[in-house]
Amino acid sequence: MRLVPRGRGSADPNLRDRLYELLEHDPLAYSIGSRFIQVIISVIVLDVVAMILASVPELDARFDTLFSAVAVLAVIVFALEYLARLWTVAGHTQRNGSALSDRLSYAFSALGIIDLMAFLPAAIVLATGRHATLAGLGVLPFFKLIRYSPAMRSLLAAIHAERRALIGCIVILIGVVLTFASLLYAIERDVQPSKLGTIPDAMWWAIVTLGTVGYGDVVPVTPLGKFISVFAIISGFAMIALPVAIISTAFAEEVRRRDFVVTWGMLARVPLFSHLSAAEIADIMRLLRARTIEQGEILVRRGDAASSMYFITAGEVEITLPSQQVRLADGTFFGEIALLHKTKRSGTVTATRKTRLLVLDAQDFHALIERMPTLAAHVHQTAKARLEETGDLAAAELAQAERDDTDR
């Protein structure tokens, strides 16, 4: 009897997993998943723009059918996407629960609620025929971009990480508002009873003043009231700067953390580093820089000076040698022979599709292999193995090096 893994269907045991990978992962531009993401983002932009234009009476009267068609299309696409995510999430959560618990966990998560609100209110409005309300709901699908925007996700993560500090800022702000409102109420309640006759009225002045908005509808007229207003305005600058500083610092830290995780994940795909410790990988990460080349882009040309070693984390490149062509894919690396023997490139490297690379400069390469004997041994072992293979890029580079030495 063959067991079917949890979260997979018996009819096609791979269908749910493949669809989950399509929906949840962030693939390269040439993949089906990236095209799917592009379609979703296009529908989001089209829907939001249509709803904005629909709020203009002249445009709504002229293009009402078109705007309604866009709304229906968006509802259908977002609903199908939500149902697909709800179905495929079973068996792909960190909890070891049932399929129902996995689906409920997604449905009540922040992203699940955003996915639901992107189409459900619009579907209800379309069913009831209140098109004016539909235009007001056009902003809801915009929040789906959180799923596809690393910057927005990082900002939300930063706010969530500093939520206690931000709540503290709100408490401080409330205290400052009450303090200045009470002071101005005590000073000017008899002078301006219609504007500052109660503490709630004075709180409006305090909020406007601390926010440095200054509408001018409520202002103190007594010298002491004006003196208090000076301190309120200065305190307002501090009230604005405090949460901004907290969020900006947390956002920068979150971006650094995300870049670290992304680079770590890219390194994990390179077998050369699989035997290294976490400390050694972290040391290497400081030397590597990420680079993405588009399909058809030439990375290096034959005869160029060897200045870097390259690790392919995703994608594929084609190396054109004098006698043949060699293709290298995910997890492979090249360029180490030219750096070891300090020769020129013997082949032209072109991306056959969009490719992500990690680049190690020559100076850092030599410093690294001197500092890490185990890595140096691995690099030399790999280079030796390549030399034993006929037609490999390494052999061609070594032959080029020997010719260069003879010419000298």
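Being a predicted model, the structure only gives us computed values, none of them experimental.

1. Quick word on the side chain of Glu-254
At step 1: Note on placement: Glu-254 falls in helix H13 (residues 223–268).
At step 2: Overall, the relative accessible area of 16% leaves Glu-254 in the buried class.
At step 3: Sequence-distant contacts of Glu-254, that is, excluding residues within four places in its chain, are made with Ser-154, Ala-157 and Ala-158.

2. A word on the packing of helix H1 (residues 15–24) against helix H3 (residues 57–88)
At step 1: Across the interface, H1 lies against H3 with an axial gap of 9 Å and an inter-helix angle of 125°. What the angle tells us is that H1 and H3 run oblique. In this structure, H1 meets H3 at a crossing whose hand is left-handed. Residues Leu-15, Arg-16, Leu-19, Tyr-20, Leu-23 and Glu-24 of H1 touch H3, and the partners they reach there are Ala-84, Arg-85, Trp-87 and Thr-88.
At step 2: For the contact of H1 with H3, the per-class residue count stands at six nonpolar, one polar and three charged.

3. Quick notes on the packing of aromatic side chains
At step 1: Within the structure shown, the criterion is met by six aromatic pairs.
At step 2: Where Tyr-310 meets Phe-334, the ring centres are 5.3 Å apart and the plane angle is 25°; that geometry is what we call stacked. Taken together, the residues Tyr-310 in strand S3 (residues 308–314) and Phe-334 in strand S6 (residues 333–334) connect sequence positions 24 residues apart. Comparing Tyr-310 with Phe-334, the two get one shared label, buried.
At step 3: Ring-pair connections join several aromatic residues into one group, and the members of that group are Tyr-82, Tyr-106 and Phe-119.

4. What to know about the nonpolar core
Nonpolar side chains in soluble globular proteins tend to end up buried together.
At step 1: Core analysis: the largest hydrophobic core is formed by 21 residues, its most contacted members being Phe-36, Ile-40, Ile-44, Phe-78, Tyr-82, Phe-119 and Tyr-148.
At step 2: Of all elements in the fold, only helix H2 (32–54), H3, helix H4 (99–107) and helix H8 (145–148) reach the threshold of two or more residues within this core.
At step 3: Excluding residues that lie within four positions of it along the chain, Tyr-82 makes contacts with Tyr-106, Ala-107, Gly-112, Asp-115, Leu-116 and Phe-119.
At step 4: In this structure, Ala-306, Leu-339, Ala-362 and Leu-368 belong to the second largest nonpolar core, which totals 19 residues.

5. Structural notes on the sheet that holds strand S1 (residues 289–293)
One key point about sheets: their strands pair by backbone hydrogen bonds, in either a parallel or an antiparallel sense.
At step 1: Spatially, S1-S8-S3-S6 is the arrangement adopted by the four strands of the open sheet, whose pairing is antiparallel. Sheet topology places S1 and S6 at the edges, where each strand pairs with a single neighbour.
At step 2: Bridging between S3 and S6 involves two bridges; their strand directions are antiparallel. Within the sheet, the bridge partner assigned to Phe-311 lies in S6 and is Phe-333.
At step 3: The strands touched by helix H16 (residues 362–371) are S3 and strand S8 (355–361); relative to S8, the strand with the most contacts, the crossing angle is about 70°.

6. Describing the confidence of the model for the protein
At step 1: Per-residue pLDDT for the protein has a mean of 78; in total, 80% of the residues score no lower than 70.
At step 2: At the level of individual helices and strands, the protein shows its lowest average pLDDT in helix H18 (residues 393–407), which scores 47, and its highest in helix H10 (residues 163–188), which scores 92.
At step 3: Across residues 1–13, confidence stays below pLDDT 50; counting only partners more than four residues off in sequence or on other chains, it has 16 contacts.

7. As for the pairing of strand S7 (residues 348–351)
At step 1: The alternating pattern of S7 places Thr-348 and Thr-350 and Val-349 and Ala-351 on opposite faces, both of which are buried.
At step 2: Note that strand S2 (residues 298–300) and S7 share two bridges and pair antiparallel. Counterpart to Ile-298 in the pairing with S7 is Thr-350.
At step 3: As judged from the four bridges shared by strand S4 (residues 317–320) and S7, these two strands associate in the antiparallel manner.

The rules behind the values
Residues numbered from 1 in each chain as written. Predicted model: local features only at pLDDT ≥ 70, side-chain atom pairs only at ≥ 80, totals over all residues. Heavy atoms only, no water. Helix = DSSP H or I, 4+ residues; strand = E, 2+ residues; numbered from the N terminus. Buried < 20%, exposed > 50% of the residue type's maximum accessible area, 1.4 Å probe, protein only. Contact = heavy atoms within 4.5 Å. Axes fitted to C-alpha atoms, helices over the stretch in contact; angles between N-to-C directions. Parallel < 35°, antiparallel > 145°, perpendicular 65-115°, else oblique. Left-handed = near helix turned anticlockwise from the far one by under 90°. Nonpolar A, V, L, I, M, F, W, Y, C, P; charged D, E, K, R; others polar. Phe/Tyr/Trp six-rings, centres within 6.5 Å; stacked < 30°, edge-to-face > 60°. Core = buried A, V, L, I, M, F, W, Y, C linked by side-chain atoms within 4.5 Å. Pairing = 2+ DSSP bridges. pLDDT = per-residue confidence, 0-100.

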